[in-house]
Every structure is written in structure tokens, then in C-alpha cells.
Amino acid sequence: MTSHREPLDSVLDTIGETPLVRVHASPDTVPVYAKLESFNPGASVKDRIALYMLEQMLERGELSPGGTVIEPTAGNTGIGLAIAAGQLGLDAIFVVPERFSVEKQQLMTALGAEIINTPTEDGMGGAIDRAHELADELDDAVVPQQFANPLNAEAHYELTAPEIFDALDGAVGAIVAGCGTAGTLMGIARYALEQNPDTHICAVEPEGSLYSTTKGKDVPEAEYKIEGIGTHNVATNELFDPDIVDSVEQVADRDAHDELKRLAREEGHLVASSAGAASVASLRLARKIEFGDVDAPHNSVVTIFPDSSERYLSKGIYRSFDEWEN
Ligand code: PMP
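Residues numbered from 1 in each chain as written. Predicted model: local features only at pLDDT ≥ 70, side-chain atom pairs only at ≥ 80, totals over all residues. Heavy atoms only, no water.

Overall, parallel pairing links the 4 strands, which are arranged β5-β4-β3-β6 in an open sheet. Whereas interior strands pair on both sides, the edge strands pair on one side only; in this sheet they are β5 (114–118) and β6 (141–142). With 5 bridges connecting them, strand β4 (residues 91–97) and β5 associate as parallel partners. Counterpart to P97 in the pairing with β5 is T118. Strands β3 (68–72) and β4 of the sheet are contacted by helix α2 (residues 76–87), whose axis makes an angle of about 175° with β4. (Pairing = 2+ DSSP bridges. Helix = DSSP H or I, 4+ residues; strand = E, 2+ residues; numbered from the N terminus. Contact = heavy atoms within 4.5 Å. Axes fitted to C-alpha atoms, helices over the stretch in contact; angles between N-to-C directions.)

This brings us to the nonpolar core. Among the nonpolar cores identified, the biggest contains 32 residues, and V301 and F305 are the most heavily contacted of them. Listing elements by their share of this core, those giving two or more residues are β2 (32–36), β7 (174–178), β8 (200–206), α7 (253–267), α8 (273–290) and β10 (301–305). At 8 residues, the largest contribution of residues to this core is made by α8. Look past the residues within four positions of F305 in its chain and what remains in contact with it is V23, A34, K35, L36, E37, S38, L263, H269, V271, A275 and S279. The next biggest cluster of nonpolar side chains, apart from the first, holds 27 residues, and it includes L12, L51, V96 and V142. (Core = buried A, V, L, I, M, F, W, Y, C linked by side-chain atoms within 4.5 Å. Buried < 20%, exposed > 50% of the residue type's maximum accessible area, 1.4 Å probe, protein only.)

Where α2 meets helix α3 (residues 102–110), the axes come as close as 9 Å, and the angle between the chain directions of the two elements is 15°. As the angle between them shows, α2 and α3 are arranged roughly parallel. α2 and α3 meet at a crossing whose hand is left-handed. Of the residues in α3, those in contact with N76, G78, I79 and A82 of α2 are K104, L107 and M108. (Parallel < 35°, antiparallel > 145°, perpendicular 65-115°, else oblique. Left-handed = near helix turned anticlockwise from the far one by under 90°.)

Turning to the domain arrangement of the protein, a few remarks are in order. Assigned domains of the protein: these are domain 1 (11–44 + 150–325) and domain 2 (46–142). Taken together, both faces of the contact between domain 1 and domain 2 bury some 2,200 Å²; the carbon and sulfur share is 58%. Three residues, L12, L151 and R311, lead the burial of domain 1 against domain 2; their summed loss comes to 30% of the area buried on that side. Applying the counting criterion to the domain 1 and domain 2 interface returns 3 salt bridges. K104 is the salt-bridge partner of E227, the closest N and O atoms lying 3.2 Å from each other. On inspection of domain 1 and its partner domain 2, the count reaches 12 residue pairs in polar contact (both at pLDDT 80 or more). Looking at which element gives the most residues to the side of domain 1 that touches domain 2, the answer is helix α5 (residues 150–167), with 9 residues. Of the residues that constitute the side of domain 1 that touches domain 2, the class distribution is 10 nonpolar, 10 polar and 11 charged. (Domains from an automatic or database assignment. Buried area = accessible area lost by both parts, 1.4 Å probe. Salt bridge = Lys/Arg side-chain N within 4 Å of Asp/Glu carboxyl O. Polar contact = N/O pair within 3.5 Å; in protein donor to acceptor, adjacent residues only side chain to side chain. Nonpolar A, V, L, I, M, F, W, Y, C, P; charged D, E, K, R; others polar.)

This part covers the sheet that holds strand β1 (residues 20–23). Spatial ordering of the open sheet is given by β1-β2-β10-β7-β8-β9, a layout of 6 strands whose pairing is mixed. The two strands at the open ends of the sheet, each matched to only one other strand, are β1 and β9 (247–251). Each adjacent strand pair in this sheet contributes to an overall mean axis angle of 30°, direction not counted. Direction of pairing for β7 relative to β10: parallel, over a ladder of 3 bridges.

Turning our attention to the packing of aromatic side chains. Taken as a whole, this structure holds 4 aromatic pairs when the rule is applied. Where Y157 meets Y191, the ring centres are 5.8 Å apart and the plane angle is 75°; that geometry is what we call edge-to-face. In this pair, Y157 sits in helix α5 while Y191 sits in helix α6 (residues 183–195), placing the two residues 34 residues apart along the sequence. Overall, the relative accessible area of 24% leaves Y157 in the partly exposed class. Aromatic pair Y211 and F240: ring centres 4.4 Å apart, planes at 50°, arrangement tilted. In this pair, Y211 is assigned in the loop between β8 and β9 and F240 in the loop between β8 and β9, connecting sequence segments 29 residues apart. F240 matches Y211 in its accessibility class, with the two residues each being buried. Put simply, the rings of Y157, F165 and Y191 pair up and form one aromatic cluster. We note K225 situated over the ring of F321; from NZ or CZ to the ring centre the distance is 4.4 Å. (Phe/Tyr/Trp six-rings, centres within 6.5 Å; stacked < 30°, edge-to-face > 60°. Lys NZ or Arg CZ within 6 Å of the ring centre and 35° of its normal.)

A separate point is the state of the cysteines. For the structure shown, the criterion picks out 0 disulfides. We note that C179 lacks a disulfide partner, and the nearest cysteine sulfur, in C202, lies 8.7 Å from it. Looking at C202, the relative accessible area reads 2%, which means it is buried. (Disulfide = S-S within 2.5 Å.)

Let us now look at unusual backbone geometry. Of note, E17 is a non-glycine position whose phi angle comes to about 50°, a positive value. Turning to its location among the elements, E17 is positioned in the segment before β1. Since its relative accessible area comes to 30%, E17 is described here as partly exposed. Non-glycine residue A43 carries a positive phi angle of around 65°. Along the polypeptide, A43 turns up in the loop between β2 and α1 (46–59).

What follows is the structure, encoded as C-alpha cells:
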């Protein structure tokens, strides 16, 4: 376990043990705590799953030393995998839909990875197909495929969740997390429900995303600007298990944008849009627990702030809502 108080051998030893910080806009009686994942060396939550997946795949012999990792990724997973692959002596190739931020693609290249862009209109599905085609063409290449790999959620079950429960001495009333692959929420939720089966589990998605349909809600599909969470086709989000989710909270782009700006101005957090959405949903849930509209075993809500706003400055994240691009 990282103590950050002694010299470390590798940047990989700095992954995890991120701080849990109070969100001050939450009610005094039901505090919201956010885990600040930008403290990881690749500045996002995805460093955790990157290292965990590669170590496990090497240990199981699914990946050979010196082999190649190919991943379709919106960016943060690529940065995490590029760091881990580089330090573990593996090659890395990432297939990225064009619309994703240039900062992320520059960082992956700086870390020694190769980037292949696929057309924006083909979405993540197009990137996934291309990654598998490439893996078939190369010897000794694997696609960890974070959208389907149980190791993704397992990393959060093994590492992120125990950190949260230790920090709060087990007094966790609710877990709220934005869902892209849903690995973060699923891993933490499974651990939380083992500690207390009444823990409230809330998935967060942008308005326009379709996770809500898994809970029988008829929501309209639309494009959204919030980056890193949401789905247009729940069949591709194989890790998401609606049975362990109590509620799916939709957040509008505008509300997430207002909140990420408020978090910077009032609370000193440089976080991006998925954190803005997670904060909005957490504050709503904290108020429901405060007013007795939702039952939770403890008066606290824990959420994840997945990455930093600095990664999205080129998209005008701190400009007006209309100038913020996706
Ligand atoms: N926020 C950001 C910025 C992300 O890149 C991701 C991962 N796509 C998430 C949130 C969601 O995490 P998960 O994939 O574990 O659901």
C-alpha cells in the first residue's frame, strides 16, 4: 500500500490511495465525500484498472512479457494503460474516436503509445471493432476491453472500495458514480453491498444516455456533452448490472457544467464534466436522504471525481455553456 511518505521505486506505486474530500455544498447532516482520482499519476481513475488488468493478464498468461496491448478508449484508459504498459515492458496501441480531446491523445503519444483514430460517427463501436481487427493482425496482442472485462470492476472492488470504507470507518450510506463502462460503480457497489446490503447505489448518466432504460424508464436518446459517461446502447456496457443499482440519476449537460465551474470557484476542485454530473447527482441524493425520501444505512454519500478539467481546456470547459464543445 502506498504511504507517499517514503521514496518509491516506480510511478506505478503511486496509483491509488487517493484523497477523499468533503463536498461543502452538501447538507451538514448528510455530507457528500468525493474521491479525487486526478491524484493518480495519469490523472484519472483509469490508472487503477489499467495496472490491475495488465498485472492480472500477465499473471494468468493471457498476455506475454513484451506483448502488445490494444484498447479502444476515449482517452483516460489509454493514458493509464500507456503508463502501465511502458513500465511493464509492453507495447501499447489505442484506437480513439476522433472527437475525444486532443490533450488525451498527446499524452498517450508522449507515453510511447501509438494512436489510431476512427471516425467520430462510428462511435465507440467502430473503435472496438478496429481494435479487434488489429489484434488479429498482430502476434501476441491482447485487447483488455474495459467494457467487457470483469477485471475492470474487480480493480475497484479490490482497491478503490476498501480505501473508501477505511477512510469513513465503514459509515457509507450511498455510493454514487457516473457510468461509462460502469466498472467503477459495479466494483465499489459490490464491496459496499457486502458490508451493508442496504447501501444505496446510484448510477449517474447524462440526459440523453440510456442506462435509465435498464430500470424500466422510457427516456429519450440524445447527444450530450458530458465526456466519459453514458451509453447509447446498453448492450455494449456488459459490466453494468441493473439489479444492484437502486437508482439511475440523469444530469443535464448544463447542470454538470454549472457544477464543475462552481466546484472550481467555491471549493477549489479542478474537475471535469463527469465529476460535475456526479456531484449534482450526489447532492440531490444527499438532500433526499436528509428529508427521509431515500433510506440509507448511514448519513453519508460517497462519489468519485474521475479526472481533471485541465484535460479539457482545449474544448473550452471553463468557457460559457455554448462555447464548451464536445
Ligand atoms: N469519467 C471519465 C472522465 C471517464 O473517462 C470515465 C471512463 N469512461 C468515467 C467517468 C466512467 O468510469 P467507468 O468506465 O468506470 O464507468
